[in-house]
Amino acid sequence: MQPGYGELIRDPGAKRGRPPCPGLPAVVAGRRRQGLRMQEGAGNGNCRPRLIVLWCMTTPSPEPPLPWPHCGHGAAPDDPVGCRGTQVLGSTACLAHLADTDRDAYLAGLHPGADVDHRGTSFTAQLLNELLGALRDPGTGQPHLGVARFESATFEGDAGFGPATFKGNAWFQSATFKDVARFESATFEGVARFESATFEGDARFQSATFKSVAEFESATFEGDAGFQSATFKSVAQFGSVTFKGVAWFESATFKGNALFRSVTFKDVAWFESATFKDDARFQSATFEDAALFESATFKGNAWFESATFKGNAWFQSATFEGYALFGSATFKGDAWFESATFKGNAWFGSVTFEGNAWFDSATFKSLVDLEPFVCAGRVSLAGAVFGGPMTLSCVARRVECRRTRWMSTAELRLRYATVDFAHAVFEYPLTIAREADPFLLANGQELDERAVAAGTDAAVRVVSLRGVDAAHLVLADVDLTRCVFTGAVHLDQLRLEGTCTFAQAPARRPRRWGRFTQRRTLADEQHWRARQPGADPGWDVAVLGTGSVTPTQLAPVYRALRKGFEDAKNEPGAADFYYGEMEMRRRDRTGTTRAERGLLHGYWLLSGYGLRAVRALGWLAVAMAATIVLLMGLGLPKDDPPQEATGKVPAGGGTVTFKIDKDDPQNPTGARFTGERFDKALNVTLNSVVFRSSGQDLTTTGTYVEMASRVTEPVLLGLALLAVRNRVKR
């Protein structure tokens, strides 16, 4: 071989300026004169080592010898090996290049169950049929082969092995099937080895039976691969296989481990109704089109860690009896797990759903670990049943938990999500909480939230608790602005932790004078008010599906929430819900009598149900001003009447008895609104506020005014004090 590009040759030649040492190829001599780069190395002595980098073309290395005696037919300078087919025993040619008489003699010597060795041989469809015909069992009419060696063989036409039986090992490593490969109903009783085989046409293994190990590692299926109803009784090894066409494994049965690590499915992968009785390993597999595992049964562990599903992934009605491990998998389309059954632990940590994740009506009978993962669409758990402890930590746009049932403790820690919890059922404590900071992965890195977090805050919004028994429910740091509470029970036992926000009443009333009282309201009330004729803008309009409610239904909801706050010793927090309860009672025309509504209307008007101190104080100021005006105008007499003492002295002396009397106060005349009269009226009014008598002489009208003020003004003062107490009480 001549020296090539970058090849180093050690020259034991002389120092700089001396000729190269003897023994170097002549091609080395004079390299500097030929313009080639040379690099010296260090050394000692008269003939120190020198590394010479020679930049010239390399003659290709000869092909390594074949591990079997080959035919060599058609050898030429450009192909010195020639035909690579193994020599037929007793001949120097392969089966394809035997003379007709020799071939006939060889085939005639075969019998059903005979071993055949045709490595590297090129088969036409006719030649293969002749070989299989010689091996055909007269009883069954099907070919029976012993040990079959077809490594590196090439099948030019249809390879019609059909329902052949391979009694020994079947060796097809590196074989090439240029047309259809037919192994329908074939039986492989020994090891079936198809490693690195290439199927350029369709590969048909429907109903084939592999009684020992089936090795397809690194094989390439350029057409469709049909393994429908095939049975693998031992290990099925498909690692690093490439399926360029549709991969059909419908109703296939894998009794040993099914190893599909790093497999690439470029078209649809059909595993519907397949049965995996041992572990199914799809780690790092890539599904570039739809992956269909509907009604599949995984009796062992199902490993899909780091798998990539570029199309939709269908696992409807699949059964996972062992662990279901989807850690770090990526679903670029929708993932469908509807009605799936997980009997073992299910783990979806670090999964990325770029579409929707549907777990509707799925059943989880053991521990479920759904943390943390990202879903750019919605996570639907509608109708799902969780029989064991469940942890859900995810970043998602929407989480649907309608009619979901939890039979053990559960914790939902979310970011960015809108949660629908309508008619959910849980028998043990369940927490829905907003995670303040990004989730951390096991390696300490933050979970990538970019698929969801674009321009939005990380708030968690609960939109419905309709039909929920809230006795065991804990909500922490969630947004309840649009949450529908009507139909929920045991709301008085609902625990609200952290900062839970509710909808606010509109700030202004643009169509009429005044403003709404600022308070926390339920979305149910907002929807009801928005539907009323002539409703002021600002109330939140109900979206489709939220239903309609009436004040009769809303009053108990407010009452239960108010009681819950009071039981938690949060009186100020309970105040707004008490206000809402009273508002609904005042607006209720079916469950509240007219007289009661009148009383409630007055209570609202005077003091905002004992919760608006400013309103009560305003009415107190109005009442006091009216009292002062009435007293100055009509209640205070013109002048204070003088007292007169009259008595009679007995004739013979003795005790004198005096009778003190004074005239009735006279109605005022002349100037009535003077400073002196104002002082007297103010004194009477202030004493009335604290329910005391001033002792001031009053006219008959003034007496009645004072009586009225001594009733109304202390009440208004008491309402103002009550409102202050309700806002500051702990």
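Heads up: these notes are all about the structure in this document. Remember, it's a predicted structure, so these values are computed and weren't measured experimentally. (Residues numbered from 1 in each chain as written. Predicted model: local features only at pLDDT ≥ 70, side-chain atom pairs only at ≥ 80, totals over all residues. Heavy atoms only, no water.)

**Looking at the overall build of the protein chain**
Helices and strands together make up the secondary structure of the protein chain, namely nine helices and 60 strands. The proportion of buried residues among the 730 residues of the protein chain is 48%. Within the protein chain, contacts between residues separated by at least 24 positions form 33% of all contacts whose residues are at least 6 apart in sequence. (Helix = DSSP H or I, 4+ residues; strand = E, 2+ residues; numbered from the N terminus. Buried < 20%, exposed > 50% of the residue type's maximum accessible area, 1.4 Å probe, protein only. Contact = heavy atoms within 4.5 Å.)

**Digging into the packing of aromatic side chains**
For any two aromatic rings, the description comes down to two numbers: the centre-to-centre distance and the angle of the planes. Counted under the stated rule, the structure contains 110 aromatic pairs. Ring geometry for Phe166 against Phe172: centres 6.2 Å apart, planes inclined by 80 degrees, an arrangement best described as edge-to-face. Given a relative accessible area of 0%, Phe166 falls into the buried group. Judged by centre distance (6.4 Å) and plane angle (75 degrees), the rings of Phe331 and Phe337 are edge-to-face. (Phe/Tyr/Trp six-rings, centres within 6.5 Å; stacked < 30°, edge-to-face > 60°.)

**Digging into the pairing of strand 53 (residues 430-434)**
A regular strand places its side chains on the two faces of the sheet in alternate fashion. Where strand 50 (residues 410-415) and strand 53 come together, five bridges link them in parallel fashion. Looking at strand 53, one finds that Leu414 is bridged to Arg434. Pairing of strand 53 with strand 55 (residues 473-476), which is carried by four bridges, proceeds in the parallel orientation. Each residue of the ladder has a partner; that of Ile432, found in strand 55, is Leu475. (Pairing = 2+ DSSP bridges.)

**Details of the pattern of salt bridges**
Under the definition given, this model contains 37 salt bridges. A salt bridge links Glu189 to Lys211, with the shortest nitrogen-to-oxygen separation between them at 4.0 Å. Of this pair, Glu189 sits in the loop between strand 13 (187-188) and strand 14 (192-193) while Lys211 sits in the loop between strand 17 (209-210) and strand 18 (214-215); the two residues are 22 residues apart in sequence, bridging distant segments of the chain. Classification of Lys211 by relative accessible area gives partly exposed; the value is 40%. Where Arg415 meets Glu449, a salt bridge forms, and the shortest distance between an N and an O atom there is 2.8 Å. Pair noted here: Arg415 is in strand 50 and Glu449 is in the loop between strand 53 and strand 54 (461-464), with a separation of 34 residues, a long-range link. Overall, Arg415 belongs to the buried group, its relative accessible area being 4%. Taking the relative accessible area as the measure of exposure, Glu449 reaches 9% and is therefore buried. Salt bridges linked by common partners bring Arg378, Arg398, Glu400, Arg402 and Asp420 together as one network. (Salt bridge = Lys/Arg side-chain N within 4 Å of Asp/Glu carboxyl O.)

**As for the state of the cysteines**
In the structure shown here, the tally under the stated rule is zero disulfides. Between Cys71, a cysteine without a disulfide, and Cys94, which holds the nearest cysteine sulfur, the sulfur-to-sulfur distance is 4.0 Å. Residue classification places Cys71 among the buried residues on the basis of a relative accessible area of 14%. Summary of cysteine pairing: Cys83 is not part of a disulfide, and the nearest cysteine sulfur, belonging to Cys94, is at 3.6 Å. Judged by its relative accessible area of 12%, Cys83 falls in the buried class. (Disulfide = S-S within 2.5 Å.)

**Observations regarding the packing of helix 6 (residues 594-607) against helix 7 (residues 613-635)**
A pair of packed helices is characterised by two quantities: the angle between their axes and the separation of those axes. Interaxial distance between helix 6 and helix 7 falls to 6 Å at its minimum, and their mutual angle equals 85 degrees. The orientation of helix 6 relative to helix 7 falls into the category roughly perpendicular. Across the interface between the two elements, Trp604, Leu605, Leu606 and Ser607 of helix 6 pack against Arg615, Ala616 and Trp619 of helix 7. Class assignment for the residues of the contact of helix 6 with helix 7 results in five nonpolar, one polar and one charged. (Axes fitted to C-alpha atoms, helices over the stretch in contact; angles between N-to-C directions. Parallel < 35°, antiparallel > 145°, perpendicular 65-115°, else oblique. Nonpolar A, V, L, I, M, F, W, Y, C, P; charged D, E, K, R; others polar.)

**Quick word on the environment of Phe210**
Within the element layout of this structure, Phe210 appears in strand 17. When its relative accessible area of 1% is taken as the criterion, Phe210 is described as buried. Separated by 26 residues in the primary sequence, Phe210 and Ala236 have C-alpha atoms spaced 8.6 Å apart. Filtering out sequence-adjacent residues up to four positions away, Phe210 remains in contact with Phe188, Ala192, Phe205, Phe216, Thr231, Phe232, Lys233 and Ser234.

**Looking at the environment of Phe177**
With respect to the helices and strands, Phe177 occurs in strand 11 (residues 176-177). The spatial distance from the C-alpha of Phe177 to the C-alpha of Phe155 is 4.9 Å, given a sequence separation of 22 residues. Ignoring any residue separated from it by four or fewer positions in sequence, one finds Phe177 in contact with Phe155, Ala159, Phe172, Phe183, Phe194, Thr198, Phe199, Glu200 and Gly201.

**Considerations on the side chain of Arg520**
Inspection of the secondary structure puts Arg520 in strand 58 (residues 520-521). Side-chain polar atoms of Arg520 contact the backbone oxygen of Gly573, separated by 2.8 Å. Beyond its immediate chain neighbours, meaning those up to four positions away, Arg520 contacts Phe502, Ala503, Gln504, Phe565, Pro572, Gly573, Asp576 and Phe577. (Polar contact = N/O pair within 3.5 Å; in protein donor to acceptor, adjacent residues only side chain to side chain.)

**Brief notes about unusual backbone geometry**
The phi angle at Ser185 is positive, at roughly 60 degrees, despite the residue not being glycine. Within the secondary structure, Ser185 sits in the loop between strand 12 (181-182) and strand 13. Positive phi, close to 60 degrees, is recorded for Ser262, a residue that is not glycine. Tracing the chain through its elements places Ser262 in the loop between strand 26 (258-259) and strand 27 (264-265). Since its relative accessible area comes to 37%, Ser262 is described here as partly exposed.

**Observations regarding the packing of helix 6 against helix 9 (residues 700-728)**
Where helix 6 meets helix 9, the closest approach of the two axes is 10 Å, and the angle between their N-to-C directions is 75 degrees. By the angle between their axes, helix 6 is roughly perpendicular relative to helix 9. On helix 9, the residues touching Tyr603, Leu606 and Ser607 of helix 6 are Leu716, Leu719 and Leu722. The class makeup of the residues in the contact of helix 6 with helix 9 is five nonpolar, one polar and no charged.

**Some words on a nonpolar patch on the surface**
Taken together, the side chains of Leu605, Leu606, Trp619 and Val622 present a nonpolar region at the surface, about 310 Å² in accessible area. Put simply, the parts of the chain that give the nonpolar patch at least two residues each are helix 6 and helix 7. You can see Leu606 is positioned in helix 6. (Patch = residues over 30% accessible without salt bridge, like charges linked within 9 Å, V, L, I, M, F, W, Y side chains within 5 Å. Areas by Shrake-Rupley, 256 points an atom, 1.4 Å probe, with all protein chains shown as cover.)

**Regarding the pairing of strand 50**
As paired elements, strand 48 (residues 390-400) and strand 50 share six bridges and run parallel to each other. Within strand 50, the position partnered with Met390 by the bridge is Ala410.

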